[in-house]
Amino acid sequence: MARIGELLAARPTLSFEFFPPKTDEAERALEKTVADLAELRPSFVSVTYGAGGSTRERTRDIVVRINRDHPFPAMAHLTCVGHTRADIAQLLDEYAESGVENILALGGDPPADGSDPGGDFAYASDLVEQVRAHPAGFSIGVAAHPELHPRSTSTDDDRRRLATKLEMADFGVTQFFFELDPYLRMVDELGQLGCDKPVLPGIMPVINVAGVQRMAGMNGTHIPPPLLERLVAVEDQPDEVAKIGVETATALGAALLAEDAPGLHIYAMNRSAAPREIHANLALG
Ligand code: FAD
């Protein structure tokens, strides 16, 4: 196994993000996807965590299984909203005992109904502190938002907080985005604040138009109007949508690598076809 902070020294990395499926059938499909993408020899993969702990066991079991069955590490996402320090301590112990070495420490979103989630943490940086203090010596990633986090009050505040959080961690991974400039600007602004920790760009090959619009709306990701128009024009033709998704992700990936991005983190949406095509188009590996 390997610590991602160290893997990033041999750039560029290639990584895939999965989410824990809800049914046994979908879980078998994910196993097949992981096996398909394992052929591309990724640097690592990661598995999301339902804010508030809704996927606590499923995320843990998938991360532990991938770590056990594959030569690349699986990183566990962990959100702090609604959790106590004791909850987190127990999960970290379980991960450490199972040989998991990488944690993506996240804020998570508060409940949509506005209710108080409780718990001991206000921000992801509080979670980073606890993960850092664990004797296992986890490699720690944190989230970055090139186009700003929707709860951010100002660009300056957000970038300063991100720089502070990154300094406590080992690397960042961004929210998905479709335009190169906001990512380059963020890296530049972090550099001006004296922060040069690697921040992996997150790339989302679109496979569902309504889905990407919903997620982009939640994250504050700008979908360029010409791209949106092309997607909407074919939204009831999944193959055409996927074709545009791969074409767009390939172009963005090539531009990012040309700008010396530390790697590409692909939001695989539990499917292997688009990531495999992007890998082939970019002649990676
Ligand atoms: P934080 O770093 O806590 O930041 C949230 C907001 O608070 C920002 O606006 C920041 O500027 C502000 N802030 C930070 N510190 C302070 C402070 N001290 N004082 C005032 N304001 C402050 N969500 C999930 O539920 N599960 C997942 O698995 C998951 N995976 C993700 C993976 C990636 C790569 C990314 C980019 C996001 C992921 N998310 C996930 C979404 C994430 O949890 C949400 O975007 C969440 O709202 C913010 O998380 P954060 O870690 O950026 O939080």
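For the structure itself, consult the block above.
Residues numbered from 1 in each chain as written. Predicted model: local features only at pLDDT ≥ 70, side-chain atom pairs only at ≥ 80, totals over all residues. Heavy atoms only, no water.

Focus: the pairing of strand β6 (residues 171-176)
Stage number 1. Most of β6 sits inside the fold, with 6 of its 6 residues counted as buried.
Stage number 2. In terms of strand pairing, strand β5 (residues 139-144) meets β6 through 4 bridges, oriented parallel. In the strand pairing of β6, Gly141 is matched with Phe171.
Stage number 3. The handedness of the β5 to β6 crossover, carried by helix α6 (residues 155-168), is right-handed.
Stage number 4. One ladder, built from 3 bridges, connects β6 with strand β7 (residues 199-203); its direction is parallel. Directly across from Gly172, in β7, lies its bridge partner Val199. (Buried < 20%, exposed > 50% of the residue type's maximum accessible area, 1.4 Å probe, protein only. Helix = DSSP H or I, 4+ residues; strand = E, 2+ residues; numbered from the N terminus. Pairing = 2+ DSSP bridges. Right-handed = clockwise from strand over helix to strand, strands pointing away.)

A few points about the site of the ligand
Stage number 1. Close contacts around the ligand come from 25 residues, with Tyr49, Gly107, Asp109, His149 and Lys165 the closest.
Stage number 2. Taking Tyr123, its side chain carries an N or O atom lying 3.5 Å from a nitrogen atom of the ligand.
Stage number 3. Between the ligand and His149 there is a distance of 2.7 Å, counted from an oxygen atom to a side-chain nitrogen or oxygen.
Stage number 4. Relative to its unbound accessible area of 970 Å², the ligand is 84% covered by the protein chains.
Stage number 5. The residue inventory of the shell around the ligand, partitioned by class, reads 10 nonpolar, 10 polar and 5 charged. (Near = heavy atom within 4 Å. Polar contact = N/O pair within 3.5 Å; in protein donor to acceptor, adjacent residues only side chain to side chain. Areas by Shrake-Rupley, 256 points an atom, 1.4 Å probe, with all protein chains shown as cover. Nonpolar A, V, L, I, M, F, W, Y, C, P; charged D, E, K, R; others polar.)

With respect to the side chain of His77
Stage number 1. Among the structural elements, His77 can be located in strand β3 (residues 74-79).
Stage number 2. Exposure remark for His77: the relative accessible area of 4% places this residue in the buried category.
Stage number 3. Among the polar contacts listed, one links the side chain of His77 to the side chain of Ser46, at a separation of 2.8 Å.
Stage number 4. Residues contacting His77, with those up to four places away along its chain left out, are Glu17, Ser46, Val47, Thr48, Tyr49, Thr59, Leu104 and Leu106. (Contact = heavy atoms within 4.5 Å.)

So, unusual backbone geometry
Stage number 1. Looking along the chain, the bond that leaves Arg11 and enters Pro12 is cis, with omega of -10 degrees.
Stage number 2. Positionally, Pro12 belongs in the loop between α1 (4-7) and β1 (13-18).
Stage number 3. Backbone geometry places Leu148, a non-glycine residue, at a positive phi of 75 degrees.
Stage number 4. Here Leu148 is to be found in the loop between β5 and α6.
Stage number 5. Although it is not a glycine, Met269 sits at a positive phi angle of roughly 50 degrees.
Stage number 6. Secondary-structure assignment places Met269 in the loop between β8 (263-267) and α11 (273-281).

Some remarks on helix α10 (residues 238-258)
Note on helix geometry: an α-helix contains 3.6 residues per turn, so any two residues three or four positions apart are oriented the same way.
Stage number 1. The end-to-end C-alpha distance of α10, which contains 21 residues, comes to 30 Å, matching closely the 30 Å that a straight helix rising 1.5 Å per residue would cover.
Stage number 2. When we look at burial in α10, the residues that qualify are Val241, Ile244, Gly245, Val246, Thr248, Ala249, Thr250, Leu252, Gly253 and Leu256.
Stage number 3. Looking at the residues trailing α10, positive phi occurs at Asp260, about 70 degrees. (Expected span 1.5 Å × (residues − 1).)

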